[in-house]
Amino acid sequence: MSTAQLYTKYTRVWIPDPDEVWRSAEIIKDYKEGDKSLHLKLEDETLYEYPIDLQGNELPFLRNPDILVGENDLTALSYLHEPAVLHNLKVRFLESNHIYTYCGIVLVAINPYEQLPIYEQDVIYAYSGQNMGDMDPHIFAVAEEAYKQMARDEKNQSIIVSGESGAGKTVSAKYAMRFFATVGGSASDTNIEAKVLASSPIMEAIGNAKTTRNDNSSRFGKYIQIGFDKRYHIIGANMRTYLLEKSRVVFQAEDERNYHIFYQLCASASLPEFKDLGLTCAEDFFYTSQGGDTSIDGVDDADDFEKTRHAFTLLGVKESHQTTIFRIIAAILHLGNLEIQAERDGDACSVSSEDEHLNNFCGLLGVEYSQMQHWLCHRKLVTTSETYVKSMSVQQVVNARNALAKHIYARLFNWIVQHINKALHTTVKQHSFIGVLDIYGFETFEVNSFEQFCINYANEKLQQQFNSHVFKLEQEEYMKEGIPWTLIDFYDNQPCIDLIEAKLGILDLLDEECKVPKGTDQNWAQKLYDRHASSQHFQKPRMSNTSFIVLHFADKVEYQSEGFLEKNRDTVYEEQINILKASKYQMVADLFQDEKDAAPTTSMAKGTSKISVRSARPVIKAANKEHKKTVGHQFRNSLHLLMETLNATTPHYVRCIKPNDEKLPFKFDPKRAVQQLRACGVLETIRISAAGFPSRWSYHDFFNRYRVLMKKRDLSKNDKKQICQTLLEDLIKDPDKFQFGRTKIFFRAGQVAYLEKLRADKFRAATIMIQKTVRGWLQRVKYKRLRQAAMVIQRYTRGHLARRLAEHLRRTRAAIIFQKQYRMLRILRAFQRVRNATITIQAFARGMFVRRIYRKILAEHKATILQKYVRGWLARTRFHRVRGATIVLQCYYRRMKARQELKALRIEARSAQHLKKLNIGMENKVVQLQRKIDEQNKEYKLLNEQLSMLTSAHSSEVEKLKKELVQYQQSHRGDGNQLVSLQEEMEHLRLELEKAHGERKVVEDSYVKEKDLLRKRISDLEEENALLKQEKEELNSRILCQSEDEFARNTVEENIQMKKELEEERSRYQNLVKEYSRLEQRYDNLRDEMTIIKQAPGHRRNPSNQSSLESDSNYPSISTSEIGDTEDVIQQVEEVGMEKAAMDMTLFLKLQKRVRELEQERKKLQTQLEKKEQESKKSQVIEMKTEVTSDHEDFAYNSLKRQELESENKKLKNELNELRKAIADRATQNNSSNDIQDSYNLLLNQLKSANEELEVRKEEVLILRTQIMKAAQQKETGKNMESITTNASWPNSDKHIDQEDAIEAYQGMCETNRLLEAQLQDQRREHEEEVEALKNQVDAMQEELEKQQQAFLQTLQLSPEAQVEFGLQQEITRLTNENLDLKELLEKLEKNEKKLKKQLKIYMKKVQDFEASQVTVPAERRQHERNMQVAVQRKEKDFQGMLEYYKEDEPLLIRNLITDLKPQAVSATVPCLPAYILYMCIRHADYINDDQKVHSLLTSTINGIKKVLKKHNDDFQMTSFWLANTCRLLHCLKQYSGDAGFMTQNTPKQNEHCLKNFDLTEYRQVLSHLSIQIYQQLIKIAEGILQPMIVSAVLENESIQGLSGVKPMGYRNRSSSMADGDSSYSLDAIIRQLNTFHSIMCDQGLDPEIVQQVFKQLFYMINAVALNNLLLRKDVCSWSTGMQLRFNISQLEEWLRGKNLQQSGAAQTLEPLIQAAQLLQLKKKTSEDAEAICSLCTSLTTQQIVKILNLYTPVNEFEERVTVAFIRDIQMHLQERNDPPQLLLDFKHMFPVLFPFNPSSITMDSIHLPASLNLEFLHKV
């Protein structure tokens, strides 16, 4: 293939560009040999002539076809060169937002400067177990490749992450370690993986800092080895660090920061535990403020400090050590703030003795202030003869201080690393490890010093190792395929490495210069010029004598020699170190004590040891030899150790690229990218690949892709390899352009592009032919359709014209008739309108004249009546005034006489004789007065009732007028004129009142008549109402029929919502069960291990009859009564649920109100009861005290008062009953307002009379009490002591009474009176409370009455039909309330009855246990039971469905029926036979009332099933068999439990087989939990079988032959992680496996509902795995894959329909996958397409839709890519969605399982026991 064939018209090329590095252009004229220029057209349509060097014949690079742009692997590109690599990375990064790309064995990672949702836990699980080339590029794929090769090849692995600062090395290494921690979690409970991850925040805090290129730049290199055991679980880790940038501690450039830990500590300085550190904000310290801004946007230093402290705690660093660490860091900050004062012209200096920062520094480190103050400003010089102490200049002191600070921080850094390694260390033997190397990339700055030299030296070594590894892999690939191997020339950087590390190299000369006493940087540079001037990798700058240039593999770098010697020596003064060694803090002293011993190991592991300047004494010199190793020497040794480790492992490379220097998200700078690609070795990999055969195709893929280029006779051959060879020999004439391997075809660069061009030309010619034929056919069809349409139009047009003429003639005739009739009608209406107007005017005029005459007569009549009433009123007023004055005079006179008589009576009453008379006749008088008052009250009450009934309405108005009149008289008595006017007005009002009374009588008469008419009307309306009800029912039935669909829809929605809530609750419950089963399994494992450990050489067995239900099931026993209560509550809820669902909401409100009233009433009764108890206690105390001291008068008084109170209570109760009767009568006679008013007045009057009578009685009681107290006082204080003692009846009345006894008697009397008074007050308080309660009742009744009045008034305002409807509604409400009350009472009675029954059962059981315990001989009892059973068998002639066995045969039963049973043994019998047999055994134990036997049998059954499942934890058939039997046993326990809810489908025969004595609800719950565990194990087994098939069968299998086109594949598809001979699965394999599952479950009798749930779960897993794989693979996101996927899903749906599983919901779980397939097939161009996609893809989240569109890749060049604008349009349409944030589906999600009750139709007596089960010891009963 010549050059002219490639550089033809329309071919696109790359040309250099100063801004974009490479620019695309299109050839507009064919190139011919010898042309001096190439005619191009740029992308902006400008023309350009590209000059060609004829000597070198260097043509521009060819551009790959669009179909290859955006590939996952750069080696899959046909043209492999720098512009192709750069463009592919740019397209993937900017258009698809893919940050990872493979380049052969290298993963290129571009820093997005944005958090991406591609590192979640589900993504880790998606990549776990996958081959590297199967998924999109990812750091997890590299980690999985390393993990898989370690497990398969049993060889240690390394992941080398490199890149310049800010490229994302640390993040990539962190995610790799997170992958290992997740996939290879620790086998023990040490949480070593958490500790490995916890080391990251600590190392970032002490080793990372903000630079101009990165806010979190790692300033050291680290190599972390993660150790694994034989089962490849993490057991430990170890960390090695390299070249910490110590200079950052004392100096930071502009806009940079010190290490994060300093700022974190300053941000947390306000915490109480850090008060003594003396810290303030970071701006106040010199070491943290040199870079300017001390904060980072979006970073909270205080929060990060808490994370650091938490990580320290997690790694086991003690609180005291943490405190010391923070003290040391704070001391470094104080050290930087020392104020150094110059003395003696700058030759000497000092530190102030009052320096606060030095004081803090010494206090924090625990060293002496004076010594540190002295040795900071002085140094010791040791010669052979003596020792000098010399002062230092200010600059020397500053340098010494900075060196001390760096030394302290480096020591602290090493100590922390050592303790992290101790925390991550394990005693378990390490089987293998994976190392993660996070090391600095190649660096070049404007000023490059010693640190950049070491970094670039390390990268030279790593690049050498990388080149040799890539070359080795290429060689292995060629050798494996049998391709002739020719040596490929690749860049070897060994000369550059020799320049640095060889003998007399740069490092050797540097160490030699450091040993010279007065060595300088200039002298060292001169030695370099002299020694290496002839080296091809060394150059001397033209303008400098202190710099040198090294030509590295990536670029040439100029290094400034200033500072090289000082940094290489890393000098710190011995005297300062000795002061720190003497610290009073042990940890500070330990940091420096071990320096001598630790130096050799540190040189091997770290690059941070120091050289101390010490005295020249011989002994000290000998001990200080180890300190003479320089930093460069140590770094070289540690680097050699690292390279040895890497060479002993299989390396994996991650190259991090920084896309721009501004840290902007998704901005790509081509210049910076190319610079880093050249530096990190990616282009070198491309060059090595391009030098050989970079494009490689398997024969199968090549055949499928290029079969269109083959001839028909070639396709008939069966050997695809021979067909491919024939095709290539015909198409490519140069045999050196390709080679045939054993399994693949190898192509030179550009050959695949040529084949693609031939394929595109073939397709284009075929497309033109198809278009030509189709267009001709379309035009012919269009012509025939137009001709036929024209003929039809003509025919219809002619008919239309004829019909229009006939219509016109008809309308003309009709119009004439309309006009005639209309004119006649108009004249007739005008005449009638005039006539009616005339009659109306006459009628109104006549009426007006008649009304005028009537009004005149009426006015004269009213005037006459007014005069009559006014004159009568004036006369009556005069009479009343005279009579009132007379009465006033009489009253005054009588009052005077009464006062005189009262005065005389008071004098008489004071005498003792009068009091005696009063006391003698007081009791009789009180009784007489009581009787008289009762009679008068009865008469008064009757009279009041009669009077109120007769004059209630009239009296209220008259009294009102009288009161107004009296008020007017009192206020206007002095004004005569006003009195006359008021009298006239009063007379006028009186006349109007009399008139109103007359009108009222007329109205009442008319009301009575209307009432009779209304009654008749109501009877008529009731009849009409009956008819209306019938019509209403008919209309309701019609409305129900019409609204049936809507109601059904609402019901379905409510059911769906309830199902969702139920499933959520069930899922939570089953997750708990699953967690419990996991813990139980773990407990069993631990118990087995313990038994193995404890076992002696001989094997010991546990007793077979030992019950372990408590340990296995972990369910506490529940009392029978509690179980019964919960069942009653559940049953009541289920029974009442449907009734309450149909009730009106008002009934619920009324019920709630009724409940509140009952609660209040209960509280009131409780308070009354408490008061009664207190009163009874008080009365008992009073009675105890008054038995001794009470006299006959007190007893009579108390009895009298008690009788009075009892009578009063009876009256109040009678009045309350009358009130209730009145209310009841009013409720029944709810017809007229007069009746309501009368009953209301009656209630008020009765209440008033009761209150008045109560007040009168209170006054009388008070009067009597005062009189009795006065009499008692007079008796006690009088001189006649005999009369007092006789009346009081003292106990010592027969003896002589002296004065002391009298005083004692008087005190007792006083105490008795006080007690009686207190009792009287208590009783009065009770009466007041009762009256208050009665008032409240009356108020409540009054409110209810007002409500009923309002309702009645509203009813009267309604129409008759509405009144009837309202009445019926109220009656229904009342009856409903009564029914609810009765139902509540009935439920209480039923519940009590059930409780009593259950208690009776418990007592019966206790009696039986007691009787059994009385029997002393167990053997006799067993024999007696056997005899009894035998007797029962003789009586029962037929099999009763029970199986009898002896207790000692139970282990044999469990072994034969459960443990050793194979499902094949019972395959020909009744399904679930073991469950039926177990139930028949349980039923017999229930029949003989043996609870121990039931308990033992069920416990052994459950434990046996668990043991079988544990043994066969990967056997689907066995698990399904025991799931079916466990569910059947559970159904049997429900079906025959005796519960009516489970017996609805039982036959009478089955009802005879119910359990009689035991309630096994607890065991039903245990079996339900066991069923859930078995179901979860079944799903786990099935998923484990199906999961490896899903991706291959659903996504990759070519179900429709020839539909999918194969694209070129890269190196990753040849990944070494792929096992040889990987088998691919077809969809038929999945369907066959599903058929196997279905047949097994159906044959074993598993419930159909459970079978449906199993397949719903499995189909969800198929959907989740396939969709997750689709979302992570670019190669399957194409139109053809969507077609294949939709066909495969339809096959699965067809299988569901064939198995009658469409109702299981399994098809709905495939909806996201279906929509993903449709999304791949839909058009993706316009906004209408975007709307269609958004409306269609409802089951996919926004993130998933965008991800699929980003991954969409055309397989053929005729397809178009999805533009970025279209994706943005999709995101705009979907921004209102509230989708979950995760990208992938949780394929481990498990739907909650439901075990619906499924009764069996098989009776127990029809079951036959096969002899193969060996159950001869079971006897039929």
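Up top is the structure these notes are about.
Residues numbered from 1 in each chain as written. Predicted model: local features only at pLDDT ≥ 70, side-chain atom pairs only at ≥ 80, totals over all residues. Heavy atoms only, no water.

Visitor: Describe the overall build of the protein chain, and please don't skip the residues or the numbers.
Guide: Within the protein chain, the regular secondary structure consists of 55 helices and 28 strands. Considering the protein chain as a whole, with its 1821 residues, one finds that 43% of them fall into the buried category. Restricting the contact set of the protein chain to residue pairs at least 6 apart, pairs at least 24 apart contribute 74%. Of the roughly 101,000 Å² of accessible surface on the protein chain, 54% is carried by carbon and sulfur atoms. (Helix = DSSP H or I, 4+ residues; strand = E, 2+ residues; numbered from the N terminus. Buried < 20%, exposed > 50% of the residue type's maximum accessible area, 1.4 Å probe, protein only. Contact = heavy atoms within 4.5 Å. Areas by Shrake-Rupley, 256 points an atom, 1.4 Å probe, with all protein chains shown as cover.)

Visitor: Any details on the side chain of Arg248? Residues and values, ideally.
Guide: Its location among the elements puts Arg248 in the loop between β12 (234-242) and α7 (260-267). When neighbours within four sequence positions are excluded, Arg248 is seen to be in contact with Ala209, Lys210, Thr211, Arg219, Glu256, Arg257, Asn258 and Tyr259.

Visitor: Break down helix α24 (residues 670-680) for me, citing the residues and quoting the values.
Guide: Counting buried residues along α24, eight of its eleven residues qualify, which places the element largely inside the surrounding structure. Residues of α24 that are buried include every one of Pro670, Arg672, Ala673, Val674, Gln676, Leu677, Ala679 and Cys680, and no others.

Visitor: Tell me about the environment of Glu562, and name the residues and values.
Guide: By secondary structure assignment, the location of Glu562 is in the loop between β20 (556-560) and α18 (564-569). Given the relative accessible area of 41%, Glu562 is considered partly exposed. With near-sequence residues (within four places) excluded, Glu562 lies in contact with Ser449, Asp521 and Thr546. Separated by 3.1 Å, the side chains of Glu562 and Thr546 make a polar contact. (Polar contact = N/O pair within 3.5 Å; in protein donor to acceptor, adjacent residues only side chain to side chain.)

Visitor: Go over the pairing of strand β16 (residues 387-391) with me, naming the residues and quoting the values.
Guide: Here strand β15 (residues 378-382) runs beside β16; their pairing, made up of five bridges, is antiparallel. Paired with Lys380 across the two strands is Val389, which belongs to β16. Where β15 hands over to β16, the hairpin turn is made up of four residues, counted between the paired strands. (Pairing = 2+ DSSP bridges.)

Visitor: How would you sum up the packing of aromatic side chains? Please name residues and give values.
Guide: Following the criterion strictly, the structure yields 41 aromatic pairs and no others. Joined through ring pairs, the aromatic side chains of Tyr119, Phe140, Tyr147, Tyr175, Phe179, Phe180 and Phe228 make up one cluster. Over the ring of Tyr529 we find Lys540, and its NZ or CZ is 5.1 Å from the ring centre. We note Lys1724 situated over the ring of Tyr1752; from NZ or CZ to the ring centre the distance is 4.2 Å. (Phe/Tyr/Trp six-rings, centres within 6.5 Å; stacked < 30°, edge-to-face > 60°. Lys NZ or Arg CZ within 6 Å of the ring centre and 35° of its normal.)

Visitor: Tell me what's going on with the sheet that holds strand β24 (residues 695-698), and back it up with residues and numbers.
Guide: In space, the three strands of this open sheet follow the order β24-β26-β25, with antiparallel pairing throughout. In this open sheet, the two edge strands, each paired with only one partner strand, are β24 and β25 (738-740). Ignoring strand direction, the axes of neighbouring strands in this sheet form an average angle of 20 degrees. Across three bridges, β25 lies against strand β26 (residues 744-747) in antiparallel orientation. Bridge pairing in β26 places Gln739 opposite Phe746. Docked against the sheet, helix α28 (residues 720-731) engages β25 and β26, running at close to 160 degrees with respect to β25. (Axes fitted to C-alpha atoms, helices over the stretch in contact; angles between N-to-C directions.)

Visitor: Break down the packing of helix α45 (residues 1516-1535) against helix α47 (residues 1561-1596) for me, citing the residues and quoting the values.
Guide: Their axes nearest at 9 Å, the elements α45 and α47 cross at an angle of 160 degrees. As far as their axial angle goes, α47 and α45 are roughly antiparallel. Between α45 and α47 lies a crossing of left-handed hand. Here Phe1516, Thr1519, Ser1520, Trp1522, Leu1523, Thr1526, Cys1527, Leu1529, Leu1530, Leu1533 and Lys1534 of α45 lie close against α47, whose contacting residues are Arg1564, Leu1567, Ser1568, Leu1570, Ser1571, Ile1574, Tyr1575, Gln1577, Leu1578, Ile1581 and Ala1582. Looking at the contact of α45 with α47 residue by residue, the classes come out as 14 nonpolar, six polar and two charged. (Parallel < 35°, antiparallel > 145°, perpendicular 65-115°, else oblique. Left-handed = near helix turned anticlockwise from the far one by under 90°. Nonpolar A, V, L, I, M, F, W, Y, C, P; charged D, E, K, R; others polar.)

Visitor: Any chance you could break down the sheet that holds strand β1 (residues 12-17) for me, citing the residues and the numbers?
Guide: Taken in spatial order, the five strands line up as β4-β3-β2-β1-β5 in an open sheet, and their pairing is antiparallel. Each of the sheet's edge strands pairs with one partner strand only, and the pair in question is β4 (47-51) and β5 (61-62).

Visitor: Describe the nonpolar core, with residues and values.
Guide: The biggest cluster of nonpolar side chains holds 327 residues, and the ones touching the most others in it are Phe180, Phe262, Phe361, Phe548, Ile1477, Phe1655 and Leu1818. For this core, the element with the highest residue contribution is α47, accounting for 18 residues. Leaving out residues up to four positions away in the same chain, Phe1655 has contacts with Leu1634, Phe1637, His1638, Met1641, Trp1695, Leu1701 and Ala1706. Among the nonpolar cores identified, the runner-up in size contains 19 residues, and Leu727, Ile732, Ile745 and Val752 belong to it. (Core = buried A, V, L, I, M, F, W, Y, C linked by side-chain atoms within 4.5 Å.)

Visitor: Explain the packing of helix α16 (residues 506-515) against helix α17 (residues 521-532) residue by residue, including any values.
Guide: Here α16 crosses α17 at 145 degrees, and the two axes come no closer than 10 Å. For the element pair α16 and α17, the recorded crossing hand is right-handed. Here Ile506, Leu509, Leu510, Glu512 and Glu513 of α16 come into contact with α17, specifically with Asn523, Trp524, Lys527, Leu528, Arg531 and His532.

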